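Residue strings, one per chain:
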Amino acid sequence: MTRFGIIGGGLMGHGIAVALAQAGHHVAVFDADPATLASLDERIARALERCAMPPAGAGPVTARITAAKTLSDMVVGVDAVLEAVPERLDVKQQVLDALEAKIPAVTPVWSNTSVLSLTEVGKGMRHPQRLVGVHWWNPPYVMPLVEVAPGAETDRRFVQEACDLLTGMGRTTVRLHRDVPGFIGNRLQFALVREALHLLEQDVCDPVTIDTVMRASLGLRWSSVGPMENADFIGLDLTRDILVSLAPHLSAAVTFPALDKPLDAGHRGRASGSGLLTWPPERGEEVAERLENGIRRNLVEP
Ligand SMILES: NC(=O)c1ccc[n+]([C@@H]2O[C@H](COP(=O)([O-])OP(=O)(O)OC[C@H]3O[C@@H](n4cnc5c(N)ncnc54)[C@H](O)[C@@H]3O)[C@@H](O)[C@H]2O)c1
């Protein structure tokens, strides 16, 4: 059993707490926002409800998670700390600075950054050798994958330790050879999102059609056969022919008018009631449920 501290009890922090506690670990969660901390128990209960966990199973999981009012309370007795604060380099660096003042030099520090360079996140740390990128996927108590990566200064023993712990929890754990923004999953995901926006900008179709195509084709295929196995399956010669023909037409954009337009009009997506699609109040919860149920149905062995 390991005693974890989590800094940031938002979407990912509370979900990772549930995943760790389900695996038998104890977790103390600290958040700088008192309201977020106050709602922690309720959000954890809702996550466990979604896991369809009977009360007899949920009780011990809940009991293993505590809300810590201060960073000092959170670090008491911790074996490892994960930061899940917003995706801003300055915020993460400040948080790690405050954390390092309170924990021994040997305590592992995990960052749940999605796309920042681990090496940059670790700049300014007193002991950057203990910083490991441990990237969970949302919802963390459902999604099996965790991507693990070193920063330039990371001691590989900390990487191995993280991989062993996560694998021991039954996670599908992948280890990157080196630090790269976006790990593997987000690079693949956002290459696809970029091309989807490109199709909108070229007026090929509307946003709903893009989701229909994805959900009725690639979304189904890729949970069974990954793109590398599929490349071999259809033949590398055909794969190359397709790429040579198609690649010049694919987006290499670094600006995104299809997002700028709604954003400039105040349409941020679910949170504001509209974005690429319209979001009546009940839709957010419906999508969250559909997402979690769909992932559970599709869960595959690695
Ligand atoms: N949302 C996702 O799907 C997802 C998936 C994988 C990784 N991530 C990454 O996880 C991290 C957290 O994302 P999120 O979606 O949970 O964000 P979030 O906004 O839901 O949660 C962040 C929390 O950090 C708290 N916080 C901010 N500054 C703090 C500080 N100085 N000390 C303590 N708490 C502080 C906020 O109050 C908030 O509750 C980001 O790095 C993000 O890129 C997100």
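Residues numbered from 1 in each chain as written. Predicted model: local features only at pLDDT ≥ 70, side-chain atom pairs only at ≥ 80, totals over all residues. Heavy atoms only, no water.

## Details of the pattern of salt bridges
Per the stated rule, a full pass over the model turns up 12 salt bridges. The closest approach of N and O atoms between Arg 88 and Asp 90, which form a salt bridge, is 2.6 Å. A relative accessible area of 46% means that Arg 88 is categorised as partly exposed. Using a relative accessible area of 36% as the deciding quantity, one classes Asp 90 as partly exposed. In this structure, Arg 290 and Glu 286 form a salt bridge, with 2.8 Å as the shortest nitrogen-oxygen distance. Of this pair, Arg 290 and Glu 286 both sit in helix H15 (residues 281-298), 4 residues apart, which is roughly one turn of the helix. (Salt bridge = Lys/Arg side-chain N within 4 Å of Asp/Glu carboxyl O. Buried < 20%, exposed > 50% of the residue type's maximum accessible area, 1.4 Å probe, protein only. Helix = DSSP H or I, 4+ residues; strand = E, 2+ residues; numbered from the N terminus.)

## With respect to the packing of helix H12 (residues 227-234) against helix H13 (residues 236-246)
Interhelical geometry of H12 versus H13 gives an angle of 105° and a closest axis separation of 5 Å. On the basis of the axis angle, H12 is roughly perpendicular to H13. Touching Ala 231, Asp 232 and Ile 234 of H12 are Leu 236, Leu 238 and Thr 239, all from H13. Taken together, the residues that form the contact of H12 with H13 break down as 4 nonpolar, 1 polar and 1 charged. (Axes fitted to C-alpha atoms, helices over the stretch in contact; angles between N-to-C directions. Parallel < 35°, antiparallel > 145°, perpendicular 65-115°, else oblique. Contact = heavy atoms within 4.5 Å. Nonpolar A, V, L, I, M, F, W, Y, C, P; charged D, E, K, R; others polar.)

## Structural notes on the site of the ligand
Around the ligand sit 22 residues, and of these Met 12, Asp 31, Glu 87, Lys 92 and Ser 114 come closest. Within the contact set of the ligand, an oxygen atom lies 2.8 Å away from a backbone nitrogen or oxygen of Met 12. Within the backbone of Ala 32, an N or O atom sits 3.2 Å from a nitrogen atom of the ligand. Of all the secondary-structure elements, those providing two or more residues to the shell around the ligand are helix H1 (11-22), helix H6 (89-100) and strand E6 (131-136). Tallied by class, the residues present in the shell around the ligand amount to 10 nonpolar, 8 polar and 4 charged. (Near = heavy atom within 4 Å. Polar contact = N/O pair within 3.5 Å; in protein donor to acceptor, adjacent residues only side chain to side chain.)

## Section: a nonpolar patch on the surface
On the surface, a nonpolar cluster with roughly 560 Å² of combined accessible area is contributed by Phe 233, Ile 234, Leu 238, Ile 242, Leu 246 and Leu 250. Those elements that place two or more of their residues in the nonpolar patch are H12 and H13. With respect to the secondary-structure elements, Leu 250 resides in the loop between H13 and helix H14 (257-264). The class for Leu 250 is partly exposed, based on a relative accessible area of 37%. (Patch = residues over 30% accessible without salt bridge, like charges linked within 9 Å, V, L, I, M, F, W, Y side chains within 5 Å. Areas by Shrake-Rupley, 256 points an atom, 1.4 Å probe, with all protein chains shown as cover.)

## Considerations on the sheet that holds strand E5 (residues 109-111)
Ordered in space as E3-E2-E1-E4-E5-E6-E7-E8, the 8 strands form an open sheet in which the pairing is mixed. The open sheet has two edge strands with one neighbour each: strand E3 (65-68) and strand E8 (172-175). Pairs of neighbouring strands in the sheet enclose a mean axial angle of 25°, with direction left out of account. Bridging between E5 and E6 involves 3 bridges; their strand directions are parallel. Bridged to Val 109 within E6 is Leu 131. (Pairing = 2+ DSSP bridges.)

## Focus: the side chain of His 198
Tracing the sequence through the fold places His 198 in helix H9 (residues 185-201). The exposure class assigned to His 198 is buried, which follows from its relative accessible area of 15%.

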